[in-house]
Structure formats: C-alpha cells, structure tokens
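# Examining the three-dimensional arrangement
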Amino acid sequence: MPGHLGVVCLYANGDDLIGQRRLGRQPVGDMRTQSVGEIWEGPEMRRIRDVHQRAMGKETFAPCRDCYLPRKTRKVRDNAGGRVIYLDDLTNRPQVIGQ
C-alpha cells in the first residue's frame, strides 16, 4: 500500500490505525524509485512471502502482530434474532488484536 511520499508498506489488514492507535508497518519499497513489479518481486516482498509460508509472520513483522487474519478458527453455534448462526471463533489465541 503506497504511503506518504511513495513509500510502500505492509500494513496489518491493510489498516494504519485502529481507533487512535497506530499499527505497525513494514516498508517494502519506494514508488519514487521502483516500479510496482520491482517492489512485488523485490527482496523484501520475497522475504515477507517466505515468512508467511512458514506461518512466522506474527513473530517476524510488527504489522502481523496486529493482524486478525488468517487465524485458526472453529465454528461456534449462536442465536441472532431467533435464527441459528455459526460464528468463526479464534482458537488458541486471546480474542484481542495483537495477542
């Protein structure tokens, strides 16, 4: 996502803020000096993809600590307006972003 002055960053869920709290961001390139293709195929994006394939994003990148997707979930049955619905409940994690 291009940010201030052309710097491209990885953001948690594509967001920069939750309420008044600024989320982590990971610079991956600079639109002033690189094409989209150069950034996408560049070393930082390759490293980000590699880390995510190993499911190590949360341990490696600040934005990933604030991300809520993807997480392992389980279906939980609930009622809403007299209807039965199923919710995706996060498993093995606190229900708090960043933890």
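It should be emphasised that the depicted structure is a prediction, and the values quoted were computed from it without experimental measurement. (Residues numbered from 1 in each chain as written. Predicted model: local features only at pLDDT ≥ 70, side-chain atom pairs only at ≥ 80, totals over all residues. Heavy atoms only, no water.)

## Concerning the packing of aromatic side chains
The description of two aromatic rings rests on the distance between their centres and on the angle between their planes. Quick note on the threshold: Aromatic pairing here means that ring centres of Phe, Tyr or Trp (its six-membered ring) are within 6.5 Å. Orientation follows from the plane angle: under 30 degrees is stacked, over 60 is edge-to-face, and everything else is tilted. Counted as over-ring charges are cases with an Arg CZ or a Lys NZ within 6 Å of the ring centre that also lie within 35 degrees of the ring normal.
This structure, assessed with the given rule, holds 0 aromatic pairs. Sitting over the face of the ring of W40, R49 holds its NZ or CZ atom 4.8 Å from the ring centroid.

## Focus: unusual backbone geometry
Definition in use: Here a strand is any run of E in DSSP of at least two residues, a helix any run of H or I of at least four, and the numbering for each starts at the N terminus.
With a phi close to 55°, A55 is a non-glycine residue in the positive phi region. You can see A55 is positioned in the loop between α2 (43-53) and α3 (57-60).

## Regarding the pattern of salt bridges
We count it as follows: The rule for a salt bridge is simple: a side-chain nitrogen of Lys or Arg has to be within 4 Å of a carboxyl oxygen of Asp or Glu. Per-residue accessibility, obtained with a 1.4 Å probe over protein chains only, is compared with the maximum for each type, and a residue is labelled buried under 20%, exposed over 50%, and partly exposed between these values.
Per the stated rule, a full pass over the model turns up 3 salt bridges. Two residues, D30 and R32, come together in a salt bridge whose shortest N-O distance is 2.6 Å. Judged by relative accessible area, R32 falls into the exposed class, the value being 54%. A salt bridge links D50 to R54, with the shortest nitrogen-to-oxygen separation between them at 3.0 Å.

Read these as geometric descriptors, not functional statements.
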